[in-house]
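Understanding the architecture of this molecule
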Amino acid sequence: TPLIRRVLSRGYFLSPHSDYLALLVTYGIVGLILYLIFLTNSFRHIIAQLRQAYTKSQINYFQFSLITLTSIALFGIAAENFNSALYWIILSLCTKIT
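As the structure is a computational prediction, the values presented were derived from the model and not from experiment. (Residues numbered from 1 in each chain as written. Predicted model: local features only at pLDDT ≥ 70, side-chain atom pairs only at ≥ 80, totals over all residues. Heavy atoms only, no water.)

1. Considerations on the overall build of the chain
- When its secondary structure is counted, the chain shows 4 helices and 0 strands.
- Helices and strands in the chain line up, N terminus first, as α-α-α-α.
- The proportion of buried residues among the 98 residues of the chain is 28%.
- Taking the contacts inside the chain whose residues are at least 6 apart along the sequence as the reference set, 57% of them involve residues at least 24 apart.
- Roughly 7,000 Å² of accessible area belongs to the chain as shown, and the carbon and sulfur atoms make up 69% of that amount. (Helix = DSSP H or I, 4+ residues; strand = E, 2+ residues; numbered from the N terminus. Buried < 20%, exposed > 50% of the residue type's maximum accessible area, 1.4 Å probe, protein only. Contact = heavy atoms within 4.5 Å. Areas by Shrake-Rupley, 256 points an atom, 1.4 Å probe, with all protein chains shown as cover.)

2. Digging into the nonpolar core
- In terms of nonpolar packing, the biggest core is built from 13 residues, with Tyr20, Tyr35, Leu39, Leu69 and Tyr87 touching the most fellow members.
- Those elements that place two or more of their residues in this core are helix 2 (19-52), helix 3 (56-78) and helix 4 (85-94).
- The greatest single-element share of this core, amounting to 6 residues, is contributed by helix 2.
- Those residues in contact with Leu39 that sit more than four places away from it in its chain are Tyr20, Leu69 and Ala73. (Core = buried A, V, L, I, M, F, W, Y, C linked by side-chain atoms within 4.5 Å.)

3. Some thoughts on a nonpolar patch on the surface
- Taken together, Leu21, Leu24, Ile29, Val30, Ile33, Leu34 and Ile37 make up a surface patch of nonpolar side chains, about 630 Å² in accessible area.
- Tracing the chain through its elements places Val30 in helix 2.
- You can call Val30 exposed: its relative accessible area is 55%. (Patch = residues over 30% accessible without salt bridge, like charges linked within 9 Å, V, L, I, M, F, W, Y side chains within 5 Å. Salt bridge = Lys/Arg side-chain N within 4 Å of Asp/Glu carboxyl O.)

4. Details of the confidence of the model for the chain
- In this model, the chain carries an average pLDDT of 86, and 88% of its residues clear a pLDDT of 70 or more.
- The element-level mean pLDDT for the chain is lowest in helix 1 (residues 2-9), coming to 72, with helix 2 highest at 92. (pLDDT = per-residue confidence, 0-100.)

5. Digging into helix 4
- By the burial criterion, the buried members of helix 4 are Tyr87, Leu91 and Cys94. One side of helix 4 carries all its buried residues, which in axial view fall inside an arc of 75°. For helix 4, the exposed residues set more than 90 degrees away from the buried face come down to Ala85, Leu86 and Leu93.
- Contacts from the buried residues of helix 4 go to helix 2 and helix 3.
- Between the side-chain oxygen at the start of helix 4 and the backbone nitrogen of Leu86 there is a gap of 3.3 Å, and the oxygen is on Ser84. (Arc of directions from axis to C-beta. Polar contact = N/O pair within 3.5 Å; in protein donor to acceptor, adjacent residues only side chain to side chain.)

Below you can see the structure in the form of structure tokens.
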């Protein structure tokens, strides 16, 4: 369409506006499923660690990790974050194995 051509000619790019759609388009259904498995396993691991935590600092850390991962997963529905270095830093910090 003419609108898309004008947008591209001005140096902008088109994005799917969703992490999940971007994964589906770029890596296919297998990539999307693997990413969803990664998120699910990360949630399970954080919740298991939170249940086993016994010091206040551990409880605070795992609560922060759970809230951060939840935010990343929900925000991924409405925005494409894979191009942001901050996204990868936050994702690696909240999914690290302790």
